[in-house]
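If you want the building blocks of each chain, they are given just below.
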Amino acid sequence: MPNKHLPGTNQPRTSVTFPRRTLAAFATVAALGLPTLAMAEETVIGVSIPAATHGWTGGVNFHAEQAKERLEGLYPDISITISTAGGPGEQANDLEDLVSLRGIDALVVLPFESGPLTGPVRRVKESGAFVTVVDRGLEQEGIEDLYVAGNNHEMGRVSGEYIRQELDGQGDIVVLRGIPTVIDDQRVQGFQEAIEGSDINILDMQHANWNRDDGFEVMQDFLARFDNIDAVWAQDDDAALGVIEAVRQAEREDELFIVGGAGMKDIIKRVMEGDELVPVDVLYPPAMIATAMDLTVQNFVSNGPVVGEYILGSPLITPENAEQYYFPDSPY
């Protein structure tokens, strides 16, 4: 599996082409008095994800269900069970049930939190299952066979490069951070590297926890304290919706623009329609769960290796390409 290092990171990007093994079709030959061939043994894949407690995880749930329907249709000997959890304790219990009750051959898990799920996922691995971890890594390295995630550093870099270009390298901006996590640190690091050496001044950074209400409150505070703001990096589309509302209530939408991130359909629709307040978005796709499920299935139906890291890109979504990232039926 060829690896290339991602720009500005030490993480490899895995580019893989997976040949598909044709599954044998079995005909009934009892009428001819011949013995009937046995069907292939079913492969059971468990998918454990957080419940749809906010927009992005709602998108994860949508794409997981879509992938289950598609993959079970393509591969009759693949059975996929999806469980959703409202917290790390519930998710740990779900993992136990997937092993003891369903006897899973593989697990695709997006941990609710890294720490509390490290032990439960390790026990699934010790049962002999193939393990794919999505988005939020575990605290112990080497448990999973496959890791699928977005590129948080690149997400910040792409956002910073766009703002730097649009402001011609100078101006006053504010930044809404996410939840205090490694993911947030990586995004901010990429953003700061992209504007380094320019005359762009970050007036303030505050955590908005990737949340619409927090985004609204943080932006209200910024608008009250700063008479001039040229651009806002909201980092997240849920937070960006709160920022939009605060800016509109203050009637300051003509003086600035907002860059969010993730790929929420409401934001992408604004981009498609040429909304000057939200001219672009940066992808951090909830559909990565479908990518993880696709690759996990390939481990059982392909003769090619499926191990290592698969790091997705974070392309800039513009009016010219927005349509290909727009999923109107998704809740996110």
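What you see is a predicted model; the values in this text were computed from it and never measured.

Okay, the overall build of the protein chain next. The secondary structure content of the protein chain amounts to nine helices and 14 strands. Counting across all 332 residues of the protein chain, residues that qualify as buried make up 52%. Here the analysis covers contacts within the protein chain between residues at least 6 apart in sequence; of these, 72% occur between residues at least 24 apart. Carbon and sulfur atoms form 46% of the exposed surface of the protein chain, whose accessible area is close to 15,400 Å².

When the terminal C-alpha atoms of helix α6 (residues 212-225) are compared, their 20 Å separation across 14 residues agrees well with the 20 Å that a helix rising 1.5 Å per residue should span. Listed as buried for α6 are G215, F216, V218, M219, F222 and L223. Looking at the buried side of α6, the elements it contacts are β8 (170-177), β9 (199-207), β10 (231-233) and α7 (237-249). Residue N211 occupies the N-cap position of α6, its side-chain oxygen lying 2.9 Å from the main-chain nitrogen of D213.

Right, let's get into the sheet that holds strand β5 (residues 106-109). With parallel pairing, six strands are arranged side by side in an open sheet as β4-β3-β5-β6-β7-β13. The two strands at the open ends of the sheet, each matched to only one other strand, are β4 (78-85) and β13 (308-312). Averaged over all neighbouring strand pairs, the angle between strand axes comes to 15°, with direction disregarded. Across eight bridges, strand β3 (residues 43-50) lies against β4 in parallel orientation. Bridging from a neighbouring strand, G46 pairs with T81 of β4. Across the sheet, helix α2 (residues 88-100) is in contact with β3, β4 and β5; its angle to β4 comes to roughly 155°.

The predicted structure's coordinates, where accompanied by low pLDDT, should not be read in detail. With 88% of its residues at a pLDDT of 70 or more, the protein chain has an overall mean of 88. Throughout residues 1-39 the model reports pLDDT below 50, and contacts reaching past four residues in sequence, or to other chains, amount to 60 contacts.

Here we come to a negative patch on the surface. Taken together, the side chains of E251, E253, D254 and E276 define an acidic patch exposed on the protein surface. Residue E253 is classed as partly exposed on the basis of its relative accessible area, which comes to 31%.

Attention shifts here to the environment of E154. Turning to its location among the elements, E154 is positioned in helix α4 (residues 152-166). Along the backbone, E154 and L312 are 158 residues apart, and their C-alpha atoms lie at a distance of 9.7 Å.

Of all hydrophobic cores here, the largest spans 78 residues; its most connected members are I163, M219, I229, V232, I258, I289 and M293. Of the residues forming this core, the biggest block, eight residues, is contributed by helix α9 (residues 288-301). The residues touching I258, leaving out its near neighbours within four places in the chain, are V232, A234, A240, V243, I244, L277, V278, P279 and V280. With 17 residues, the next largest nonpolar core counts L95, L107, V133 and A149 among its residues.

A sheet is described by the order of its strands in space; here four strands give the open sequence β9-β8-β10-β11, paired in parallel fashion. The open sheet is flanked by β9 and β11 (257-259), the only strands paired with a single partner. For this sheet, the mean inter-axis angle between neighbouring strands, taken without regard to orientation, is 20°. Examined bridge by bridge, β8 and β10 share three bridges and lie parallel to one another.

Below, the discussion takes up the packing of α6 against α7. Packed helices, taken two at a time, are described by their axes: the angle between them and the distance between them. Where α6 meets α7, the axes come as close as 7 Å, and the angle between the chain directions of the two elements is 40°. By the criterion of interaxial angle, the relationship of α6 to α7 is oblique. The handedness of the crossing between α6 and α7 comes out as right-handed. Of the residues in α7, those in contact with R212, G215, F216, M219, Q220 and L223 of α6 are D238, A239, L241, G242, V243, E245, A246, V247 and Q249. Within the contact of α6 with α7, the residues separate by chemical class into eight nonpolar, four polar and three charged.

Here we take up the side chain of S79. In this fold, S79 is placed in strand β4. Taking the relative accessible area as the measure of exposure, S79 reaches 12% and is therefore buried. Here R102 takes part through its side chain, which lies 3.2 Å from a polar atom of the side chain of S79. Excluding its chain neighbours within four sequence positions, the residues that come into contact with S79 are E42, T43, V44, I45, E72 and R102.

Looking now at the pairing of β3. Summarising burial for β3: eight of the eight residues are buried, a large majority. Of the two faces of β3, the one lined by T43, I45, V47 and I49 and the one lined by V44, G46, S48 and P50 are each fully buried. A crossover connection joins β3 to the parallel β4 through helix α1 (residues 55-74); in handedness this β-α-β unit is right-handed. Relative to β5, β3 is paired through four bridges, and the arrangement is parallel. For G46, the partnering residue across the bridge sits in β5 and is L107.

Moving on to the packing of aromatic side chains. Applying the stated rule across the entire model yields five aromatic pairs. Plain terms: the ring middles of F191 and W233 are 4.2 Å apart, the flat faces sit at 5° to each other, and that makes the pair stacked. With a gap of 42 residues between them, F191 in helix α5 (residues 182-195) and W233 in strand β10 connect regions that are remote in the sequence. Relative accessible area serves as the criterion here: at 0%, F191 is assigned to the buried category.

Reading the values: rules and limits
- Residues numbered from 1 in each chain as written.
- Predicted model: local features only at pLDDT ≥ 70, side-chain atom pairs only at ≥ 80, totals over all residues.
- Heavy atoms only, no water.
- Helix = DSSP H or I, 4+ residues; strand = E, 2+ residues; numbered from the N terminus.
- Buried < 20%, exposed > 50% of the residue type's maximum accessible area, 1.4 Å probe, protein only.
- Contact = heavy atoms within 4.5 Å.
- Areas by Shrake-Rupley, 256 points an atom, 1.4 Å probe, with all protein chains shown as cover.
- Expected span 1.5 Å × (residues − 1).
- Polar contact = N/O pair within 3.5 Å; in protein donor to acceptor, adjacent residues only side chain to side chain.
- Pairing = 2+ DSSP bridges.
- Axes fitted to C-alpha atoms, helices over the stretch in contact; angles between N-to-C directions.
- pLDDT = per-residue confidence, 0-100.
- Patch = residues over 30% accessible without salt bridge, like charges linked within 9 Å, V, L, I, M, F, W, Y side chains within 5 Å.
- Salt bridge = Lys/Arg side-chain N within 4 Å of Asp/Glu carboxyl O.
- Lys, Arg positive; Asp, Glu negative; His and termini not counted.
- Charge placed at Lys NZ, Arg CZ, Asp CG, Glu CD.
- Core = buried A, V, L, I, M, F, W, Y, C linked by side-chain atoms within 4.5 Å.
- Parallel < 35°, antiparallel > 145°, perpendicular 65-115°, else oblique.
- Left-handed = near helix turned anticlockwise from the far one by under 90°.
- Nonpolar A, V, L, I, M, F, W, Y, C, P; charged D, E, K, R; others polar.
- Right-handed = clockwise from strand over helix to strand, strands pointing away.
- Phe/Tyr/Trp six-rings, centres within 6.5 Å; stacked < 30°, edge-to-face > 60°.

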